[in-house]
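Listed here are the chains, written in short residue letters.
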Amino acid sequence: MGVVNVTPDSFSDGGQFGSADAAAAYARRLIEEGADILDIGGESTRPGAAPVSVDEERRRVLPVLERLAGCGVPLSVDTRKPEVMRHAISAGAALINDVSALEEPRALQAVTASTVAVCLMHKQGEPQTMQQNPHYDDVVREVREYLERRVRAVEAAGIARDRIVIDPGFGFGKDFEHNLALLRGLRSLSFLGVPVLAGLSRKAMLGRLTGKGPADRVHASVAAALLAIAEGASIVRVHDVAATRDAIAVWWAVRGTIGPAPAQTE
Ligand code: 7PJ
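This report concerns the structure included in the present document.

The rules behind each value
- Residues numbered from 1 in each chain as written.
- Predicted model: local features only at pLDDT ≥ 70, side-chain atom pairs only at ≥ 80, totals over all residues.
- Heavy atoms only, no water.
- Helix = DSSP H or I, 4+ residues; strand = E, 2+ residues; numbered from the N terminus.
- Rg over C-alpha atoms; globule rule 2.2 N^0.38 Å.
- Buried < 20%, exposed > 50% of the residue type's maximum accessible area, 1.4 Å probe, protein only.
- Contact = heavy atoms within 4.5 Å.
- Phe/Tyr/Trp six-rings, centres within 6.5 Å; stacked < 30°, edge-to-face > 60°.
- Lys NZ or Arg CZ within 6 Å of the ring centre and 35° of its normal.
- Near = heavy atom within 4 Å.
- Areas by Shrake-Rupley, 256 points an atom, 1.4 Å probe, with all protein chains shown as cover.
- Nonpolar A, V, L, I, M, F, W, Y, C, P; charged D, E, K, R; others polar.
- 1 Å grid on protein atoms, 1.4 Å probe; cavity = no way out; pocket = protein on both sides within 12 Å on 5 of 7 lines; lining within 4 Å.
- Points joined across faces, edges and corners; volume = space filled by probe spheres on them.
- Polar contact = N/O pair within 3.5 Å; in protein donor to acceptor, adjacent residues only side chain to side chain.
- Expected span 1.5 Å × (residues − 1).
- Axes fitted to C-alpha atoms, helices over the stretch in contact; angles between N-to-C directions.
- Parallel < 35°, antiparallel > 145°, perpendicular 65-115°, else oblique.
- Pairing = 2+ DSSP bridges.

### Some remarks on the overall build of the protein chain
Looking only at helices and strands, one finds 9 helices and 8 strands in the protein chain. Here the C-alpha radius of gyration of the protein chain, 17 Å, is about what a compact globule of 266 residues would show, namely 18 Å. Projected onto the principal axes, the alpha-carbon positions of the protein chain cover approximately 40 × 40 × 40 Å. Taken over 266 residues, the protein chain has a buried fraction of 53%. Considering only contacts within the protein chain whose residues lie at least 6 apart along the sequence, 67% involve residues at least 24 apart.

In structure tokens, the structure reads:
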């Protein structure tokens with residue numbers, strides 16, 4: 001999954017696109033590099049980010065979606081807003097990537113009223129303050145239990161299991177040790193046959209490990225993506241598609257499969 005941020009303040013590639021045309025051209029480049037899914041986001045959820053209005057988020061995201069119609073890969077929209085979800089679905093989005101896991105009732109309705117897929121992500125707290133003092137007794141167990149609850153809740157609301165993807169939400173109300181524990185324990189999220197998505201690309205934990213800024217975290221990001229795949233992730237959300245693709249090609253040649261080994265799923 002290649003990341004297309006249409007935000008002026010995204011931490012890793014902020015201010016990249018001056019226009020919808022430029023963002024769509026960038027998205028097409030990611031497809032050429034081997035992206036199987038594009039994730040288009042108009043609201044930065046990085047720690048401390050300022051909220052964006054519905055109108056502003058629509059103005060950022062919809063023109064890019066429209067330009068990418070028929071591009072050949074499913075389009076995901078990274079949004080927490082029900083109104084943006086509805087418009088994105090009408091404009092052809094195939095996946096809603098909601099870092100709030102459809103907890104807002106109108107968000108749940110927006111997806112239920114459609115046939116699109118959804119990514120349910122765990123976070124603790126809200127983006128503006130979530131990194132201030134995250135606390136868990138057992139981060140892997142708590143994230144797993146939360147995701148199990150959310151899968152059951154959205155299934156009960158009428159979203160079939162084969163439309164659901166889950167994500168532990170690296171960096172969303174997690175400190176360095178929490179993130180490492182989640183990556184080590186990622187396989188325990190492979191339950192109910194629901195694919196696991198992992199987003200580690202250029203995140204702060206990789207900065208801490210390498211001492212490098214976001215743009216120089218490519219190698220660390222590729223290593224993290226491959227580790228996530230080794231621990232059962234079926235989808236990796238990345239900025240550096242070409243580099244990640246090369247690593248996956250090596251993985252594929254040796255293992256012949258991506259995602260959890262069936263015998264080891266719980
Ligand atoms: C994630 C995301 C993630 C999902 C962002 C960033 C921050 N959506 N949106 N999972 N991260 N599903 O790209 O660093 O980890 S925005």
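Past the structure itself, the notes keep going.
### Thoughts on the packing of aromatic side chains
Enumeration over the complete set of coordinates arrives at 0 aromatic pairs. Directly above the aromatic system of F176 lies the positively charged group of R208, at a separation of 4.0 Å from the ring centroid.

### A short note on the site of the ligand
Taken together, 13 residues surround the ligand, and among them D78, N97, D167, K203 and R237 come closest. For the ligand, the protein covers 94% of the area, taking 380 Å² as the surface of the free molecule. Residue classes in the shell around the ligand are distributed as 6 nonpolar, 3 polar and 4 charged.

### Looking at the layout of surface pockets
Reported here for the second largest pocket is a volume of approximately 280 Å³. Lining the second largest pocket are 17 residues, with M1, D36, V236, R245 and I248 positioned closest to its centre. For the lining of the second largest pocket, the secondary-structure elements that each account for two or more residues are β8 (235–236) and α9 (241–255). For the lining of the second largest pocket, the element with the highest residue contribution is α9, accounting for 5 residues. Its residues assigned to classes, the lining of the second largest pocket comprises 11 nonpolar, 4 polar and 2 charged.

### Looking at empty space enclosed by the protein
Per the stated rule, a full pass over the model turns up 1 cavity of 30 Å³ or more. In this model, the largest cavity occupies a volume close to 30 Å³. In this structure, the largest cavity is lined by A198, L200, S201, S221, A225, R237 and V238. When grouped by side-chain class, the residues that make up the lining of the largest cavity number 4 nonpolar, 2 polar and 1 charged.

### What about the side chain of R60?
Along the polypeptide, R60 turns up in helix α2 (residues 54–67). Side-chain polar atoms of R60 contact the backbone oxygen of G42, separated by 2.7 Å. Discounting chain neighbours no more than four positions away, the residues touching R60 are V6, T7, P8, G42 and V52.

### Things to note about helix α8 (residues 218–230)
With 13 residues, α8 extends 18 Å from end C-alpha to end C-alpha; this agrees with the ideal 18 Å at 1.5 Å per step. Listed in full, the buried residues belonging to α8 are A220, S221, V222, A224, A225, A228 and I229.

### Some details on the packing of helix α3 (residues 82–90) against helix α4 (residues 105–112)
The geometry of α3 relative to α4 is characterised by a closest axis approach of 8 Å and an angle of 10° between their N-to-C directions. Between α3 and α4, the angle falls in the class roughly parallel. Counted together, P82, E83, M85, R86 and I89 of α3 and R106, A107, Q109, A110 and V111 of α4 form the full contact between these two elements. Its residues placed into classes, the contact of α3 with α4 shows 6 nonpolar, 1 polar and 3 charged.

### Quick notes on the sheet that holds strand β3 (residues 75–78)
One open sheet holds the 6 strands; their spatial order is β1-β2-β3-β4-β5-β6, and the pairing between them is parallel. The open sheet has two edge strands, β1 (2–5) and β6 (164–167), and neither has a second partner. Going across the sheet, the axis of each strand differs from the next one's by a mean of 20°, ignoring polarity. Here strand β4 (residues 95–98) pairs with strand β5 (residues 117–121) via 4 bridges, running parallel. Along β5, the bridge assignment pairs I96 with V118.

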